[in-house]
Amino acid sequence: MARPSVSSVDQITIAPTTKTGGEGHGLRDERSAQQVGPRAWFALAILTFVYVLNFVDRQLLSILAKPIQDNLHVTDGQLGLIGGLYFALFYCLIAIPVGWLADRTNRSRVLAAACALWSAATMACGLSANYPQLVVARMTVGIGEAGGVPPSYAIISDYFPPGRRGTALGVYNLGPPIGQAFGIAAGASIAAAFGWRQAFIALGAVGLGAALLVISAVREPARGGFDPVPAPAKSGFAKTVRMFVSNPALMLAAFGGGVTQIVTYGAGNFSTLILMREKGMTLGEVAVWYALVVAIFMSGGIFVSGRVIDRFTRVSKQAYALIPAASLAASAPFFLGFTLAPTWQLALLFSAGSTSLNYFYLSSAVALTQQEVAPDQRVLSGALLLLIMNLMGLGIGPALVGWMSDHFHAAHPHTSLQLAFLCLLPFYGLAILLFLALARVLKREETTRR
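Every value quoted in this text rests on a predicted model; they were computed, and no experiment measured them.

Looking at the environment of leucine 81
You can see leucine 81 is positioned in helix H4 (residues 76-102). Measuring from C-alpha to C-alpha, the distance between leucine 81 and glycine 402 comes to 7.7 Å, with 321 residues separating the pair along the chain. Dropping the residues within four chain positions of it, leucine 81 is found in contact with Tyr86, Phe87, Tyr131 and Ala399.

A word on the side chain of serine 356
Note that serine 356 resides in helix H16 (residues 344-357). A polar contact is formed between the side chain of serine 356 and the backbone oxygen of glycine 353, at a distance of 2.9 Å.

Overview of the pattern of salt bridges
Close approach of charged atoms lets side chains of opposite charge pair. As enumerated under the stated definition, the model contains eight salt bridges in all. In this structure, arginine 107 and glutamate 220 form a salt bridge, with 2.8 Å as the shortest nitrogen-oxygen distance. With arginine 107 in helix H5 (residues 107-126) and glutamate 220 in the loop between helix H10 (196-217) and strand S2 (229-230), this residue pair connects regions lying 113 residues apart in the sequence. With relative accessibility at 0%, the residue arginine 107 sits in the buried group. The residue aspartate 158 makes a salt bridge to arginine 378 at a minimum N-O spacing of 3.3 Å. Taken together, the residues span a long stretch of sequence, with aspartate 158 in helix H7 (residues 149-159) and arginine 378 in helix H18 (residues 378-409) at a distance of 220 residues. Like aspartate 158, the residue arginine 378 is buried in the burial classification. Taken together, the shared-partner salt bridges connect Arg107, Asp158, Glu220 and Arg378 into one network.

Cut-offs used in this document
- Residues numbered from 1 in each chain as written.
- Predicted model: local features only at pLDDT ≥ 70, side-chain atom pairs only at ≥ 80, totals over all residues.
- Heavy atoms only, no water.
- Helix = DSSP H or I, 4+ residues; strand = E, 2+ residues; numbered from the N terminus.
- Contact = heavy atoms within 4.5 Å.
- Polar contact = N/O pair within 3.5 Å; in protein donor to acceptor, adjacent residues only side chain to side chain.
- Salt bridge = Lys/Arg side-chain N within 4 Å of Asp/Glu carboxyl O.
- Buried < 20%, exposed > 50% of the residue type's maximum accessible area, 1.4 Å probe, protein only.

Printed below as a string of structure tokens:
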């Protein structure tokens, strides 16, 4: 679950020495930061807007789950499969060849084509007459979205120097919370007034316009403009994959993020449904109050995480791991409170805490990955990161919650989703352990370099 463009030079790349947290490149970063001009911020704004629409389209299914269930007669388990595993298989696997292609072609054009495809497929969701047609439309959304995030990560990393990338990626990663909040508000409001089909059609049409905006306004950047050392020949597909899977830091960041996403996608795909079905919210209340919680607290948490990462990674690279571990430890009690709250008002209070803390891992994992690899490996490396995280998070989380809800429904028909949400708590502990292991690897790297 859109990127800015930048200008750079193909002959520039990251040297191994740039992997230090901040002491080694503080002065260089200060000088580079002065080169970040209005064009970079304008491109970042457009890419973030496209990412917002990406998440609007992705989350509409979960936001409108109840009216879709009422109309098409699908179970929680079927919703979990279509919102998770089926979507993830296409979204994640197509991202690899798309990432390889984007590393060698015009990334802005790849992004624009992807945006047009997923937006058209979103409109097709609103025209689906049965579950199989909805499955095909959602899988097509996944194919389109595969070309969205990895090229954007790379474009941003060429527009912004290492000391500013955490902040820039933090801004970009506001796309999911803003998209989810806007999707809740607009999708629920349109559905309440005109029906769930019209919500898919109207919001998909906006994405077609965004694709035109990208192709006309986001310039393709040169690659590696803020990286200090002349690069060798272009990295091949196999070389980049071998580099990624053999790097313990990158793999631990990916697995830590993937386990975290089992919680975030598992709960996120059913949060609106549990609030309406088990805690008494109406679609109109969801459109206002739940949208506000997501907009304020998830967005705030992701933005703050980028600033915190930029600040503390100047002291030590271990911050890339310790910050997500600490935020998840603080989030778990709030998640438990949300799950067990007897009323939707109390549930939203707890949700404010968990949604503000659950996403610190995202900017951290992305910034670490972009920092660790060469410029001509960034799109594919970003795609590999998302492949692992989303296959785990999207592929397991929603399907697990949906299946567990169906399992509990016979004995606990009024609290089946609540019990299914409780099954996500152990994944908090596993994610924390993975990020602590990442901290040890990063500490060992820093000690070796000294």
